[in-house]
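# Fold and contact review
In case you want the letters, here they are:
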Amino acid sequence: MKRSLLSPRKWLHRFFDLLRAFYLLFPASLSVIALWYSTWYLPQGRDLLISILEHPTSHWSMLLSLLFWAMVTWYSGRILIYREKKFFSTRSRFIGFHLPRFLGFTGIGLVAAAYFQLPITDAYYGFDWGGFHYRLWIWLLIGTVWYGLWAGLFTYIRDVVIPENRFRLLRFGWLSAMISLLIASIIGIGGNFMVFSVILLQILFLFGVIVRRGKQHDTDDAERMPISYKSVRKWAQSEGKDRLYWYHYLLYYANIPFSERWFFLSFNLISTVCLILYTITIFSVSFAGQTIGSFTFVLLAFGVLVGGAGLISIFSIAKRVNFYVLILLLMLAIGGFQKEDPHAVRILPRQSSPKEIRPTFDTYFRQWVSSRKDSILKDSIYPVYFLMADGGASRSGYWAASVWGKIQDETSFSEHIFCLASASGGSVGNGTFLSALKNASLLPAHDSTFQSTTQQLLSSNFLTFTLARMLGPDIIKLAGISVGQDRAVALEEAMEYAAKGQYGQRDVFAEPITDFIPTVRNRLPIVCFNTTRMQDGMPGVISTIQVNSFSKRIDVLDSTQDLRLSTAMVLSSRFPYISPAGLIGNS
């Protein structure tokens, strides 16, 4: 008697096959989860989405990198899952056929859904979501139905509507539509179009995946898959190829049908170009800051990392050796011999001891009053300001520097500032304003206001170069292999590069913090960048006066040599997601 379609045993087999499929597609699945969490719940990720809407010139690169990530997620998953015959020739063919596509399709959909959740005019459309837009299960349900509708429609068009001899024209139409979408994004039609262009990209992605090989028959995959043959030569002979070329070996070990060879080779060519862009971004602060956006690079990096993990998985399955375990053991072995901390703070040599250079609090106070004695005696009231800037990432720094700059442009504000104190993002704002006071003569001639200068500097792209190191060399550093500086230093270098462009190629952020020590001549206020010692939570201060003369907090400059201004700001604003704790001496 024929077994029922809804047999519990059959459903159990499907369930375990689905778990096996997700195991094979773990890197791709993890990237989808990371994309969902970073764009839905992390404020920094939502800021990146908003920045794309605010800069229309970056729309096309974001769409292109999103397409690249989706293609890698799908195609690497398809190669992996088809390494097991049951996913293209037995009961689990449906899972192997649709799951890789669904992951790529869903990833694009999650970005579109994230845009609809942003509380800004261009993407919000005045609709009260009532909180339902945060419920992932609803979006997954909608996304599954959405995928099923388009997949069914495109499959019907491929197998029934379009004649065999028209697929070349159909592929040309698909490519033209994709190029037109990118051109419209380059023109920059607006935020509304940007949101809907992501949805259009999702539909075009699935259409291209389904029609890429033309009409399909039930026996095509099972009979013509290279893995069905014992050697690459026998497979090539079955395809009528007596002479072997290098790409035959690639197709065989990737289990790609010969009919798909041009798509496979084109995909790898595009992936190579993206890998080159990824590498250039890691090592070029100018390219990272001016050419490629932060969210664009994150998508690009996700694609490269998913592809790299996919290669490891392919070799693991083909050779029946878990290379992930071998890599982990190698990392532990090499890391055990590592003597230098991978996140050491950059320091500068100094000729004299800190106490010989920096004044005490009492000395500074007397000097500050003495240098303003005439102004103080002119009036019974002389305002004295202690400026404090709290944390809040780049927003806090931008806001603080803007406010201080605006007041400085309209009054003799700096003459009344006694101290600049800050933590986290506020330290970047205070440090930027302090540098503007010291280098006022270098302000751009066409726009010499303090507010505009600090705003333009802090509007620069510091994040892309930092993320490039975070999603590149810092991963390899876990194995004890040092490839360039870490992501905290990358953030410092990005700040220095932006400041250099703002101040006529003068490295104002690379100046030693001791150059900002207040004197009668420069009339600068003291600065206190607050930080914390990680191992015991003891607060510390990076200051241009001797901290021990008025506080029990750790005087960071007492335990090290000199620091750059950029290093001091970043050391005060290090955050676990982006910049790791830095080592100074044994702390």
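Residues numbered from 1 in each chain as written. Predicted model: local features only at pLDDT ≥ 70, side-chain atom pairs only at ≥ 80, totals over all residues. Heavy atoms only, no water.

This part is about the environment of Thr466. Summarising the element assignment, Thr466 is placed in helix α24 (residues 463–470). With a relative accessible area of 0%, Thr466 lands in the buried category. Between the C-alpha atoms of Thr466 and Leu491, which are 25 residues apart in sequence, the distance is 5.1 Å. Beyond its immediate stretch of four places on either side in the chain, Thr466 contacts Arg487, Ala490, Leu491 and Ile578. (Helix = DSSP H or I, 4+ residues; strand = E, 2+ residues; numbered from the N terminus. Buried < 20%, exposed > 50% of the residue type's maximum accessible area, 1.4 Å probe, protein only. Contact = heavy atoms within 4.5 Å.)

Those residues of helix α19 (residues 361–371) that fall on the buried side of the exposure criterion are Tyr364, Gln367 and Trp368. Angular distribution of buried residues about the axis of α19 spans 100 degrees; they occupy a single face of the element. Against the buried residues of α19 lie β2 (417–423) and β3 (526–532). (Arc of directions from axis to C-beta.)

Going through the model one piece at a time under the given rule, you end up with 19 salt bridges. Of the charged contacts, one joins Arg158 and Asp159 as a salt bridge, the two residues approaching to 2.8 Å between their closest N and O atoms. The exposure class assigned to Asp159 is partly exposed, which follows from its relative accessible area of 31%. Taken together, the shared-partner salt bridges connect Arg346, Glu492, Glu496 and Arg574 into one network. (Salt bridge = Lys/Arg side-chain N within 4 Å of Asp/Glu carboxyl O.)

Among the 8 residues in α24, 6 count as buried, and that is most of the element. Looking at α24, one finds that the buried residues are Thr464, Phe465, Thr466, Leu467, Ala468 and Arg469.

With that settled, consider the packing of aromatic side chains. Across all of its chains, the model carries 29 aromatic pairs by this definition. On the basis of an interplanar angle of 45 degrees and a centroid distance of 5.5 Å, the ring pair of Phe361 and Phe550 is categorised as tilted. One end of the pair, Phe361, is in helix α19; the other, Phe550, is in the loop between β4 (539–543) and β5 (554–555), with 189 residues separating them in the sequence. In this structure Phe550 comes out as partly exposed when scored by relative accessible area, which is 40%. (Phe/Tyr/Trp six-rings, centres within 6.5 Å; stacked < 30°, edge-to-face > 60°.)

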